[in-house]
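# Reading the structure
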Amino acid sequence: MEPGGSALAGETVLFEGTTKKVLQAETDNQVVLEFKDSKSLFDGEKRAEFKGKGAVRLALTKIVFEYLESYNIPTHWGKILGENRVQVKKLEMLPIRVLIRNIAAGSLCERFNLKAGTPLKYPVLEYYLKDESLGNPMISESHAYAFDRCSPDEMKHISRLSSKVNAVLKAFMERRKLKLVDYTLEFGRLQNQIYLADEISPDNSRLWYIEDNGALKQNYFRLANNKAEESFRAILKHLTGDRNL
Ligand code: ADP
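Our subject in this report is the structure included herewith.

About the criteria used
Residues numbered from 1 in each chain as written. Predicted model: local features only at pLDDT ≥ 70, side-chain atom pairs only at ≥ 80, totals over all residues. Heavy atoms only, no water. Core = buried A, V, L, I, M, F, W, Y, C linked by side-chain atoms within 4.5 Å. Buried < 20%, exposed > 50% of the residue type's maximum accessible area, 1.4 Å probe, protein only. Domains from an automatic or database assignment. Contact = heavy atoms within 4.5 Å. Near = heavy atom within 4 Å. Polar contact = N/O pair within 3.5 Å; in protein donor to acceptor, adjacent residues only side chain to side chain. Areas by Shrake-Rupley, 256 points an atom, 1.4 Å probe, with all protein chains shown as cover. Helix = DSSP H or I, 4+ residues; strand = E, 2+ residues; numbered from the N terminus. Phe/Tyr/Trp six-rings, centres within 6.5 Å; stacked < 30°, edge-to-face > 60°. Lys NZ or Arg CZ within 6 Å of the ring centre and 35° of its normal. Salt bridge = Lys/Arg side-chain N within 4 Å of Asp/Glu carboxyl O. Expected span 1.5 Å × (residues − 1). Arc of directions from axis to C-beta.

### So, the nonpolar core
If you look at the biggest cluster of nonpolar residues, it comprises 48 residues, and the most contacted ones within it are Leu68, Leu169, Leu185 and Phe187. Counting residues domain by domain, this core receives three or more from each of domain 1 (13–89) and domain 2 (92–240). Excluding its chain neighbours within four sequence positions, the residues that come into contact with Leu169 are Val64, Leu68, Leu180, Tyr183 and Ile200.

Shown next as structure tokens:
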């Protein structure tokens, strides 16, 4: 693989997003996801860019997806091909993003005048249409199937799977002294089956340390914060217990 992780001659880039490239794998029904170092946006907040960010995001995503697989949650995972590349099932992605909230933070606080850090009595599932030309609007479950973005059964399935992912991940993070505040999930279909896809990392989630309530007042992953790299690596160390990272 090229050091920068770009496509080599002969590789077909199927799609280039803001934080990942999707390349055709050698096998027809597989794609290679290349995690880039670029900055991203989550819940209206800009996340920082640093060298090696793609590799840290991939390492974190690997831990989480392998853990979810061990709980029989169907995911697109995968074989690691390099420090920022993984081969996964090629899915027909559903243009819906599920945002799961366990603790009030970010835009939820503004919308409902809640104090950041307030635990929610039940998890809140919000659905967003992935359509930049419309500004990725929030939708209800019925919008998704009324607009024919998925079937009613698929929507029900996505919602059930999201709740299961949340129960498993929340407990996983809590055992590692982290609070899973909120995060997004994406799903895709393959032969009438729905799989969890994309990534789960601090790029599309808010994780707080239980002991300091996530240094609630300052989100370390923010663009403006020069602690972003340190914070991403600290989370990785926390999840792997590897002190040499
Ligand atoms: P964005 O679309 O927000 O710019 P990325 O930069 O992360 O996102 O681009 C990655 C793209 O790859 C996303 O559109 C995502 O839906 C898609 N994707 C993730 N997993 C798979 C998969 N297993 N098969 C096909 N596409 C996938």
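### Concerning the site of the ligand
Of all residues adjacent to the ligand, which total 18 residues, the nearest are Thr18, Thr19, Lys20, Lys89 and Glu186. In this structure, an oxygen atom belonging to the ligand sits 2.6 Å away from a side-chain N or O atom of Lys20. The side chain of Lys130 places a nitrogen or oxygen atom 3.2 Å from an oxygen atom of the ligand. For the ligand, whose free accessible area comes to 550 Å², the fraction covered by protein is 88%. Mapped onto the shell around the ligand, the elements with two or more residues apiece are strand 2 (20–24), strand 3 (30–35), strand 7 (85–89) and strand 8 (92–103).

### Quick look at the packing of aromatic side chains
Applying the stated rule across the entire model yields four aromatic pairs. With a centroid separation of 5.4 Å and an interplanar angle of 65°, the aromatic rings of Phe50 and Phe232 are classed as edge-to-face. Of this pair, Phe50 sits in the loop between strand 5 (45–47) and helix 1 (53–70) while Phe232 sits in helix 5 (residues 228–240), placing them 182 residues apart in sequence. Under the relative-accessibility criterion, Phe50 is labelled buried at 9%. By relative accessible area, Phe232 is classed as buried at 0%. Cluster of aromatic residues (ring-pair linked, three or more members): Tyr67, Tyr71 and Phe172. The ring of Phe35 carries Lys20 above its face, with NZ or CZ at 5.5 Å from the centroid.

### Considerations on the pattern of salt bridges
This structure, assessed with the given rule, holds 23 salt bridges. Here Asp43 ties to Arg206 by a salt bridge, and the two come within 3.1 Å at their closest N and O atoms. Placement of Asp43 in the loop between strand 4 (40–42) and strand 5 and of Arg206 in strand 13 (residues 205–209) is noted, with a sequence separation of 163 residues between them. The buried category is assigned to Arg206, whose relative accessible area is 3%. Each member of the salt-bridge network shares a partner with another, and the members are Asp43, Glu45, Arg47, Arg101, Arg111, Glu126, Asp182 and Arg206.

### Points about helix 4 (residues 152–175)
With 24 residues, helix 4 extends 35 Å from end C-alpha to end C-alpha; this agrees with the ideal 34 Å at 1.5 Å per step. Every buried residue belonging to helix 4 is among Glu154, Met155, Ile158, Ser159, Leu161, Ser162, Val165, Asn166, Val168, Leu169, Phe172 and Met173, and all of these are buried.

### Notes on helix 5
Here helix 5 spans 19 Å end to end across 13 residues, near enough to the 18 Å set by a 1.5 Å rise per residue. Taken residue by residue, helix 5 has Ala228, Ser231, Phe232, Ile235, Leu236 and Leu239 as its buried positions. In a view along the axis of helix 5, the buried residues occupy a sector of 140°, so they form one face of it. On its buried side, helix 5 packs onto helix 1, helix 4, strand 11 (178–190) and strand 13. Gly241 sits one or two residues past helix 5 and shows a positive phi near 75°.

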